[in-house]
Number of protein chains: 2
Amino acid sequence: MLNEKNVKLGKVRSSIRELFEYGKKRKAEIGEDKVFDFSLGNPSVPVPGEVTEILTGLLKDCDPVALHGYTSAPGDYSVRKSLADYANSQYGTHLTADCFYMTCGASASLTATLNALLNEGEEVITFVPCFPEYKVFCEHAGGKLICVDTREDDFQIDFEKFERALGDKTKAVLINSPNNPSGVVYSEQSIKKLSKILLDFSKKRGSPVYLISDEPYRELVYDDSIKVPCVMNYYDKSIICYSYSKSLSLPGERIGYVAVNNAMEEWQDVFAGVCGAGRALGFVCAPNLFQQLVARTCGMTSDISIYKKNRDRLCSALQSFGFTVVKPDGAFYLFVKSPEPDANAFAERAKKYEILIVSGDDFGRKGYVRICYCVSPEMIERSLPAFKALKDSYK
Amino acid sequence: MLNEKNVKLGKVRSSIRELFEYGKKRKAEIGEDKVFDFSLGNPSVPVPGEVTEILTGLLKDCDPVALHGYTSAPGDYSVRKSLADYANSQYGTHLTADCFYMTCGASASLTATLNALLNEGEEVITFVPCFPEYKVFCEHAGGKLICVDTREDDFQIDFEKFERALGDKTKAVLINSPNNPSGVVYSEQSIKKLSKILLDFSKKRGSPVYLISDEPYRELVYDDSIKVPCVMNYYDKSIICYSYSKSLSLPGERIGYVAVNNAMEEWQDVFAGVCGAGRALGFVCAPNLFQQLVARTCGMTSDISIYKKNRDRLCSALQSFGFTVVKPDGAFYLFVKSPEPDANAFAERAKKYEILIVSGDDFGRKGYVRICYCVSPEMIERSLPAFKALKDSYK
């Protein structure tokens, strides 16, 4: 009688959210410091002090009617202009304010983009492991998510498998680099190769495949040698979905954007589609106070050096306990091989040690778990004996 | 190739938004004070001073990681508890935190609710004139909006017409009182009658019709004798969609809620449907800072006495110029009879006098225009000669 699909989605919470709720309950039961919660990508590093200062300043100095009033549906023009100018200065693009549509975060960026592009039955290819909600978003937009396995050893794109997945119904390819949950960053070479394949295929087929780049972790890379290439410089029919949740530690405030590459001929149509989809989905405008904030913090990030330390400490500790870990280049996730074939059973067993980690099954890759290391270094230290005991329990 | 429906939605902006954009341009051309912009329900009264104080206090005193972090998908539990307690104290309901789903404003409340209830082809009945986006939201959810005309003289529900519209496919009735654009408030008697018809019809058909009450203007009534009845007290299968945009003058910050009446047997399924729909639409959680705010401002409103003064001044001035106006009980809109049959032509002519008003055609009622009086009293005074000249131009 009700919309059973959505009722089911609401009941079967994403297992990440499920574990997050479990963790909240468990912490209330046995104490905050007794639970080692690696479930959710909720940044542990606070916003930069400047963010609080800017927000306080906006509240103090701005006319509240304008500050809290509606903006244009795609966002405040001057905000979008600032973001375009910053992007151009960083990536050598030629974007304008009119390429930017401000959103309530990355999920909203993705749903607006997918609903702009997809018609019933069209396919979106992504590389697994991937964020589980991609499937939910694609299906709500009438499309189908096609999951292509990445390479066994390093989670990089397997181009042979990818080419086999391209077909008549392929409308878009959705990439996420730095990747949730693997932490992998796609190199310039990979993006070039991907772009060439897409261009050749589009030409041959006579209709374009769009490249959607989901980039909430763009700034979260930990070695100077690692660069996250801007897809717009390699592929014209590209759209960037961005969020400030991770880079500025603002996940609860829901602020991000869609940027449509104006190097493609039909960019204004794509942009109109994003605006129309945003309207139909019930997004009126992105939160104004946080729009104003992000225009004033271009290039600013939280202190991500802590994540680097966390990565290094946790990687080497887990390796020393006997876990198989690929050291990630970015984001704040470790994708660790389960000591038993069933990663769900492993994640369940971890709970007995008060360790909360998400089974990789939910990310489309069996036999792995995701460990979010956007936590306090202290919690990592406290958790290490539990991780050791967990591993030893398999002896 | 793209999703043409959404591209079209993005290009053909809602005419309200269209006029809003025109107004911004026109003000830049001839000066802010020369344009009489009655186009958008953007409150002119600032947030209460306490709002700014509370926001500043939260930024100063709270742990920024918690303050800006993800909440549970339906919202922070303690926030929802506060809202439930407040609702119960006001309306004698027995709601709990688990009945409340925090949203990014009224549009998000509506899309989440409609996507929870509707299956392909099911119908939602509403009374026109109504907010034009209802149609967009229903259609995106796979449903169809059935518009039932209200009474000629006072825009109240025409129950005969309503009963004729009920049918096999009717899934829900969507009401909006105080009403945008007519300003009409449905009396207790009307809500009782509506509820009885729905109950009788549901029984006879053997399946329920849900009542969705869109209430962003709930607090905006201007006479002590006028009460907005709480639908939950009259009809079990009811859902309230609320927003703080108008009552607290926060339209750009996108904060509101869905409240599911736990007096209905299946309320947990309906609530799960709302959560699932929110997830599929790309809403992760409502903005956390503003969730915290609204928990601390229960019952607070901006200084709405200014709107009452505006209503009284504008009503009597327009009547004295010869316009036909029904004095509205609530919201901040006048729905004024067009001096010529074509309200679009009238709204276009008004532009020549720098008056920006929206044709009632967009609200499903021909021959009227909507005038938003949530503007400064000074602008109303300045606009009066223009209104007089506009009316006189029809002599």
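A brief report on the enclosed structure follows. (Residues numbered from 1 in each chain as written. Chains lettered and ligands numbered in written order. Predicted model: local features only at pLDDT ≥ 70, side-chain atom pairs only at ≥ 80, totals over all residues. Heavy atoms only, no water.)

1. Some details on the pairing of strand β5 (residues 170-175) of chain B
For a regular strand, the rule is simple: side chains alternate between the two faces of the sheet. Residue and element names in this part refer to chain B. Counted residue by residue, β5 has 6 buried out of 6 residues, so it is predominantly covered. Both strand β3 (residues 123-128) and β5 contribute to a ladder of 4 bridges, which runs parallel. When the bridges of β5 are listed, E123 appears paired with T170. Across 4 bridges, the pairing between β5 and strand β6 (residues 210-214) is parallel. The residue of β6 that forms the bridge with L174 is I212. (Buried < 20%, exposed > 50% of the residue type's maximum accessible area, 1.4 Å probe, protein only. Helix = DSSP H or I, 4+ residues; strand = E, 2+ residues; numbered from the N terminus. Pairing = 2+ DSSP bridges.)

2. Some details on the nonpolar core
The biggest cluster of nonpolar side chains holds 210 residues, and the ones touching the most others in it are F162(A) and F162(B). When residues no more than four places from it in sequence are discounted, the contact partners of F162(A) are I125(A), F127(A), V148(A), I157(A), V173(A), L194(A), I197(A) and L198(A). (Core = buried A, V, L, I, M, F, W, Y, C linked by side-chain atoms within 4.5 Å. Contact = heavy atoms within 4.5 Å.)

3. A short note on the pairing of β6(B)
All names here are of chain B. Of all 5 residues making up β6, 5 are buried, and the element is well covered by its neighbours. Neither face of β6 is exposed, since Y210, I212 and D214 on one face and L211 and S213 on the opposite face are all buried. With respect to chirality, the unit in which β5 leads through helix α9 (residues 188-205) into the neighbouring parallel β6 is right-handed. Pairing of β6 with strand β7 (residues 238-243), which is carried by 4 bridges, proceeds in the parallel orientation. Bridge pairing in β7 places S213 opposite I240. (Right-handed = clockwise from strand over helix to strand, strands pointing away.)

4. Quick notes on the relation of the copies chain B and chain A
Once turned by 180° and shifted 0.0 Å along the axis, chain B lies on chain A with an RMSD of 0.0 Å. One copy is carried onto the other by what is essentially a two-fold rotation axis. Counting the interface residues of chain B, we find that 100% of their copies in chain A are interface residues as well, pointing to one common contact surface. (Least-squares fit on C-alpha atoms with pLDDT ≥ 70 in both.)

5. Looking at helix α9 (residues 188-205) of chain A
All names here are of chain A. Compared with the 26 Å implied by 1.5 Å per residue over 18 residues, the 25 Å span of α9 between its first and last C-alpha is a close match. S190, I191, L194, S195, I197, L198, F201 and S202 are the residues of α9 that are buried. An end-on view of α9 places all buried positions within 165° of arc, on one side of the element. For α9, the exposed residues lying more than 90 degrees away from the buried face are Q189, K196, K203 and K204. Considering only its buried residues, α9 is in contact with β3 (123-128), α8 (159-165), β5 (170-175) and β6 (210-214). Downstream of α9 by one or two residues, G206 has phi in the positive range, about 85°. (Expected span 1.5 Å × (residues − 1). Arc of directions from axis to C-beta.)

6. Quick look at the sheet that holds strand β9 (residues 333-337) of chain A
Residues and elements named next belong to chain A. If you walk across this open sheet you meet the 3 strands as β9-β12-β11, and the pairing is antiparallel. At either end of the open sheet lies a strand with only one pairing partner, and these are β9 and β11 (358-359). Of the pairings in the sheet, the one linking β9 to strand β12 (residues 368-372) comprises 5 bridges and is antiparallel in character. Opposite F335, over in β12, you have R370 as the bridge partner.

7. Points about the packing of aromatic side chains
Per the counting criterion, the structure on display carries 40 aromatic pairs over all chains. Arranged with centres 5.5 Å apart and planes meeting at 75°, the rings of F155(B) and F335(B) form a pair that is edge-to-face. Residue F155(B) is found in the loop between β4 (144-149) and α8 (159-165), and its partner F335(B) is found in strand β9 (residues 333-337); the two are separated by 180 residues along the sequence. Feature note: the residues F38(A), F323(A), F346(A), F387(A) and Y394(A) constitute an aromatic cluster, connected by ring pairs. Positioned above the aromatic ring of Y22(B), the side-chain terminus of K351(B) is 4.4 Å from the ring centre. A cation sits over an aromatic face here: K391(B) above F323(B), 5.9 Å from the ring centre. (Phe/Tyr/Trp six-rings, centres within 6.5 Å; stacked < 30°, edge-to-face > 60°. Lys NZ or Arg CZ within 6 Å of the ring centre and 35° of its normal.)

8. Remarks on the packing of helix α1 (residues 4-11) of chain A against helix α10 (residues 267-281) of chain B
Axis separation between α1(A) and α10(B) bottoms out at 6 Å; the angle between their running directions is 90°. Considered as vectors, α1(A) and α10(B) are oriented roughly perpendicular to each other. Along its contact with α1(A), which presents N6(A), V7(A), L9(A), G10(A) and K11(A), the element α10(B) presents D269(B), A272(B), G273(B), C275(B), G276(B), A277(B), R279(B) and A280(B). Along the lines of polarity and charge, the residues of the contact of α1(A) with α10(B) split into 6 nonpolar, 4 polar and 3 charged. (Axes fitted to C-alpha atoms, helices over the stretch in contact; angles between N-to-C directions. Parallel < 35°, antiparallel > 145°, perpendicular 65-115°, else oblique. Nonpolar A, V, L, I, M, F, W, Y, C, P; charged D, E, K, R; others polar.)

9. Description of the interface of chain B and chain A
Each partner contributes to the interface: chain B provides 81 residues, whereas chain A provides 81 residues. When the two sides are added together, the surface that chain B and chain A hide from each other amounts to roughly 6300 Å², 57% of it contributed by carbon and sulfur. Counting across the interface, chain B meets chain A through 4 salt bridges. As a salt-bridge pair, D269(A) and K11(B) come within 2.4 Å of each other at their nearest N and O atoms. (Buried area = accessible area lost by both parts, 1.4 Å probe. Salt bridge = Lys/Arg side-chain N within 4 Å of Asp/Glu carboxyl O.)

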